[in-house]
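Here is how the chains run, residue by residue.
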Amino acid sequence: MIPQSMRNLFTPAGEADLAATIARRPLLAFDFDGTLSPIVTRPTDARVPIGTLRRLKSLAHRLPLAVISGRAVDDLRHRLGFEPTYLVGNHGAEDPALTHRPELSAALDGFRARVLEMDAELRHVGVQVEDKGPSMALHYRLATDRGAAMDAIGRALDACAPGLHVFGGKMVINVVSSAADDKAAALHRIARRAGVHAVVYFGDDVNDETVFAAREPHWLTIRVGADAPESAARYFIGSTREMPRLLDRILQLSAASADPH
């Protein structure tokens, strides 16, 4: 079912909005998993496809470019294949340009201890725990019995303190400090740093909805995938397979907007 609120970007209206936004020389900002990289069974296997990577490298010479991901920054760096202008990890909580905030990781210590106590049970039901410091992720994509996996995750979440924020994703449950920046806050900060008012943002999951819901006047939001009728994104493309086509169009538009003639 195609969402009624979102519209296909590859339509005359979508093309017109994209052209108007690129003419403003925007910041281009991307999620990673499910946006630049296809979703894979094992998160450690994620990479940017070569066709997408080649276009991103070209765009990085024309416009400011950011990647804002749920992954840790160090994990992202060796998966991207290029150096974006701005790189933020842990759902917005980890920005190398800002002062390190150890309290964000410390806020998860109680939950971390509970997960450690349940390590054998979680492994038995196929839950993979990823501790990224400022955030933790409980992946259940490989669970053969997802009901049992979710039950075990639920028991682990009983240890969550009031100051923690829990949210879902594609076969994952994430836990972060409520004091941490989300992706929308991180993107606002990066846009100010870049000195731009216009932004094109691409995402595909629950943690991207804070950006989609912001609905800033000159922000063009694009969801990768038409599988979320409730999404607040303005437009969608079908999948990561359409990303090279979209990046080609942005390259064309950015070249035209940079030409004084």
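The numbering scheme is per chain: residues are counted from 1 as the chain's sequence reads. The predicted origin of the model limits local features to residues at a pLDDT of at least 70 and limits the giving and counting of side-chain atom pairs to 80 or more, whereas totals for whole chains, interfaces and linings rest on all residues. By convention in this description, side-chain values take in all heavy atoms of the structure and omit both hydrogens and water.

J.: How do you make sense of the overall build of the protein when you look at a structure like this?
T.: Across its full length, the protein carries 10 helices and 11 strands. Both definitions apply: the radius of gyration is a C-alpha atom measure, and the globule rule equals 2.2 Å times residues to the power 0.38. Its C-alpha radius of gyration of 19 Å places the protein within 12% of the 18 Å reference for a compact globule of 261 residues. Along the first, second and third principal axes, the C-alpha set of the protein runs to 65 × 40 × 30 Å. Using a 1.4 Å probe on the protein chains alone, a residue whose accessible area is under 20% of its type maximum counts as buried, one over 50% counts as exposed, and one in between counts as partly exposed. Relative to its 261 residues, the protein shows a buried fraction of 50%. Taking the intrachain contacts of the protein between residues at least 6 apart in sequence as the baseline, contacts between residues at least 24 apart amount to 61%. Values of accessible area rely on a 1.4 Å probe in the Shrake-Rupley scheme; residue burial ignores everything except the protein chains shown. Total accessible area on the protein stands at roughly 11900 Å², and carbon and sulfur atoms take up 53% of it. Of the charged side chains in the protein, 31 are positive and 32 negative; the average position of the first set lies 6 Å away from that of the second. By definition, any uninterrupted DSSP run of H or I lasting at least four residues is a helix, any uninterrupted run of E lasting at least two residues is a strand, and each is numbered from the N terminus. Note on definitions: a residue-residue contact is assigned when non-hydrogen atoms from the two residues lie within 4.5 Å. By the counting scheme adopted, Arg and Lys are positive, Glu and Asp are negative, and His together with the chain ends is not counted. All charge positions are set by atom: Lys at NZ, Arg at CZ, Asp at CG, Glu at CD.

J.: Whenever I open this one, the layout of surface pockets confuses me. Can you help?
T.: Space left empty within the atom packing is revealed by a probe, the size of a water molecule, rolled over the atoms. Definitions used for this entry: grid spacing 1 Å over protein atoms alone; cavity, a set of points where a 1.4 Å probe fits but cannot get out; pocket, an open set with protein on both sides within 12 Å along at least 5 of 7 lines; lining residue, one with an atom within 4 Å of a point. Grid points are joined across faces, edges and corners, and a volume is the space filled by probe spheres set on the points. Approximately 280 Å³ is the volume attributed to the largest pocket. Three classes are used: nonpolar for Ala, Val, Leu, Ile, Met, Phe, Trp, Tyr, Cys and Pro, charged for Asp, Glu, Lys and Arg, and polar for all others, with Gly counted as polar. Grouping the constituent residues of the lining of the largest pocket by class yields five nonpolar, four polar and six charged. As a volume, the second largest pocket reaches approximately 210 Å³. For the lining of the second largest pocket, the elements supplying multiple residues, two or more each, are strand E7 (164–169) and strand E8 (172–177).

J.: Quick question: what am I supposed to make of helix H3 (residues 73–80) here?
T.: Quick reminder: α-helices carry 3.6 residues per turn. Residues three or four places apart thus point the same way. Among all positions in H3, only Val73, Asp75, Leu76, Arg79 and Leu80 are buried. Across the axial projection of H3, the buried residues extend over an arc of 150 degrees, all falling on one side. Buried positions along H3 lie against helix H2 (50–59), strand E3 (65–68), strand E4 (86–88) and strand E5 (128–131). Just past H3, the residue Gly81 takes up positive phi, approximately 90 degrees. Comment: arc refers to directions from the helix axis out to C-beta atoms.

J.: For this particular structure, what's the right way to read the sheet that holds E4?
T.: Across a sheet, paired strands are connected by hydrogen bonds in the backbone, their directions being either parallel or antiparallel. At least two DSSP bridges between two strands are needed for those strands to be called paired. Spatially, E1-E11-E10-E9-E2-E3-E4 is the arrangement adopted by the seven strands of the open sheet, whose pairing is parallel. Looking along the sheet, the strands with just one partner apiece sit at the ends: strand E1 (7–8) and E4. Axes, fitted as lines to C-alpha atoms, cover a helix only where it is in contact. Angles between the N-to-C directions of the axes lie from 0 to 180 degrees. The sheet contacts of H3 involve E3 and E4, and relative to E4 the element is tilted by about 130 degrees. Sitting on the sheet, helix H8 (residues 183–194) touches strand E2 (27–30), E3, E4, strand E9 (199–203) and strand E10 (219–224), and the angle it makes with E4 is about 160 degrees.

J.: For this particular structure, what's the right way to read the environment of Tyr86?
T.: Tracing the backbone through its elements, the reader meets Tyr86 in strand E4. By relative accessible area, which is 14% here, Tyr86 ends up buried. Note: C-alpha distance between Tyr86 and Leu157 (71 residues apart in sequence) is 32 Å. Not counting chain neighbours up to four residues away, the residues in contact with Tyr86 comprise Leu27, Pro64, Leu65, Ala66, Val67, Ile190, Arg193 and Ala194.

J.: What exactly am I supposed to notice about the pairing of E3 here?
T.: Where burial is concerned, the two faces of E3 agree: the one with Leu65 and Val67 and the one with Ala66 and Ile68 are both buried. Each parallel crossover has a hand, and the one from E2 via H2 to E3 is right-handed. Examined bridge by bridge, E3 and E4 share three bridges and lie parallel to one another. Each bridged residue has a counterpart across the sheet, and for Val67 the counterpart in E4 is Leu87. You can see the chain leave E3, run along H3 and come back into E4, and the turn it takes is right-handed. If the strands point away from the viewer and the path from the first strand over the helix to the second runs clockwise, then the crossover is right-handed.

J.: What's the story with the sheet that holds E7 in this structure? I'm lost.
T.: Spatially, E5-E6-E8-E7 is the arrangement adopted by the four strands of the open sheet, whose pairing is antiparallel. If you trace the sheet from one side to the other, it starts and ends with E5 and E7, each paired once. Between one strand axis and the next, the sheet turns by 15 degrees as a mean value, whatever way the strands run.

J.: Help me understand the side chain of Thr35, please; the structure alone is not making it clear to me.
T.: As for its position among the elements, Thr35 is in the loop between E2 and H2. Judged by its relative accessible area of 0%, Thr35 is buried. Of note is the side chain of Thr35, whose polar atom sits 3.1 Å from the side chain of Asp31. Definition of a polar contact: a pair of N or O atoms within 3.5 Å, with one able to donate and the other able to accept a hydrogen when the atoms are protein atoms, and with sequence-neighbouring residues admitted only if both atoms are side-chain atoms. A distance of 3.4 Å separates the side chain of Thr35 from the side chain of Asp204, its partner in a polar contact. Setting aside residues no more than four positions away along its own chain, Thr35 makes contact with Phe202, Gly203, Asp204, Val224, Thr240 and Met243.

J.: Can you walk me through empty space enclosed by the protein in this structure?
T.: In the structure shown here, the tally under the stated rule is one cavity of 30 Å³ or more. Its volume calculated, the largest cavity comes out at about 420 Å³. Around the largest cavity, the lining is made up of 27 residues, and of these Asp33, His139, Lys170, Val172 and Asp205 lie nearest the centre. Listing elements by their share of the lining of the largest cavity, those giving two or more residues are E5, strand E6 (135–139), E7 and E8. Here the residues of the lining of the largest cavity sort into seven nonpolar, 10 polar and 10 charged.

Don't take any of this as a statement about function, it's just geometry.
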